[in-house]
Structure formats: structure tokens, C-alpha cells
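Here are the chains, one letter per residue:
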Amino acid sequence: MNGQKGRQITVLTTVFTITINPDNFLTLNPWQNFRILEGGGTYYPDLEVYDLWYTFIEEGVTKITRGFVYKERKNDDDQRIINDWMEENRKYDN
């Protein structure tokens, strides 16, 4: 996805699409019966990582999902780099 700056890119998942906007902020659009109350995040092109979050209702209870999505890394050194980055950038609810 490198070299895509200034273009909008859409990634399909099983419950929603992730759109990378020109400013690298994410827009989530649900499909079928999955209902997102709020959601968003940021795409980090240098690391090829999606940092995303969304709230949804399941059986009458509002829940939040927050996390990172990325492709498997080629080796242990590359995995350590992304693990360290995620630990430094992880956000927690208080």
C-alpha cells in the first residue's frame, strides 16, 4: 500500500470495509446485519499497520473492539519491530 498517499483505498473484511482516507484516517462501513455505532482509526503506511477501534451492540450490550491489524512479518526481527511499536502505541480505556 505504500505510494498510495492522497488516494482513498478500501479493504474488505467479513463484517465491514476499512477505507483509508488520504490523511490515513480510517472509515469503517459495516455490511449486512453488523451494526457499528462508532469507529475509526489510523493507517500507518511505513509499518503497514491498521490501528482501529469500533463500538457495536451485541445482544443489547454495547461493546468496544480496539486493536491492530497487519500482515504476518517475514522473520522474528521484523515481528519484534512491530511488537515494540504496538506496545508503545497501544491505547487503553480507563
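In case you missed it, the structure is sitting above this.
Residue indices begin from 1 for each chain and proceed along its sequence in written order. Per-residue local features of the predicted model are confined to residues with pLDDT of at least 70, and side-chain atom pairs are confined, for both listing and counting, to 80 or more; whole-chain, interface and lining totals are unaffected and use all residues. Water and hydrogen atoms play no part in the side-chain values, which are based on all heavy atoms of the structure.

Student: Could you give me a rundown of the nonpolar core, with the residues and numbers involved?
Tutor: Among buried residues, those of type Ala, Val, Leu, Ile, Met, Phe, Trp, Tyr and Cys that are joined through side-chain atoms within 4.5 Å constitute a nonpolar core. For the exposure calls, accessible area comes from a 1.4 Å probe over protein chains only, and a residue counts as buried if that area is under 20% of its type's maximum, exposed if over 50%, partly exposed in between. If you look at the biggest cluster of nonpolar residues, it comprises 11 residues: Phe16, Ile18, Ile20, Leu26, Leu28, Ile36, Tyr43, Tyr50, Leu52, Tyr54 and Phe56. Numbering of helices and strands runs from the N terminus, with a helix taken as a DSSP run of H or I at least four residues long and a strand as a DSSP run of E at least two residues long. Going through the elements one at a time, strand S2 (16–20), strand S3 (25–30), strand S4 (36–44) and strand S5 (49–58) are the ones with two or more residues in this core. Membership of the second largest hydrophobic core comes to five residues, among which are Val49, Phe68, Trp85 and Met86.

Student: So what's going on with the side chain of Asn24? Which residues, and what values?
Tutor: You can see Asn24 is positioned in the loop between S2 and S3. A relative accessible area of 16% places Asn24 in the buried class. Once you skip the residues sitting within four places of it in the chain, Asn24 turns out to touch Gly41, Thr42, Tyr43 and Pro45. Contact criterion: two residues are considered in contact whenever any of their non-hydrogen atoms come within 4.5 Å of each other.

Student: Describe the pairing of S4, listing the residues and the values that go with them.
Tutor: Relative to S4, S3 runs antiparallel, the two being bridged by two bridges. The residue of S4 that forms the bridge with Leu26 is Gly41. At least two DSSP bridges between two strands are required for those strands to pair. In textbook terms, the turn of a hairpin is the stretch between consecutive antiparallel strands, and for S3 and S4 this stretch comprises five residues, one of which, Gln32, has a positive phi near 55°. Linking two consecutive strands that pair antiparallel, namely S4 and S5, is a turn of four residues; a positive phi of about 55° is found at Glu48 within it.

Student: Could you give an account of helix H1 (residues 76–89), with specific residues and numbers?
Tutor: The end-to-end C-alpha separation of H1 is 20 Å, in line with the 20 Å expected for 14 residues at 1.5 Å each. Packed against the buried residues of H1 are S4, S5 and strand S6 (61–70). Backbone nitrogen of Asp77 and a side-chain oxygen of the N-cap are separated by 3.1 Å at the start of H1; the cap is Asn75. For a helix, the expected span equals 1.5 Å multiplied by the residue count minus one. In protein, a polar contact requires one atom able to donate a hydrogen and another able to accept it; more generally it is a pair of N or O atoms within 3.5 Å, and residues adjacent in sequence count only if both atoms are side-chain atoms.

Bear in mind that shape data such as this cannot, by itself, settle questions of function.
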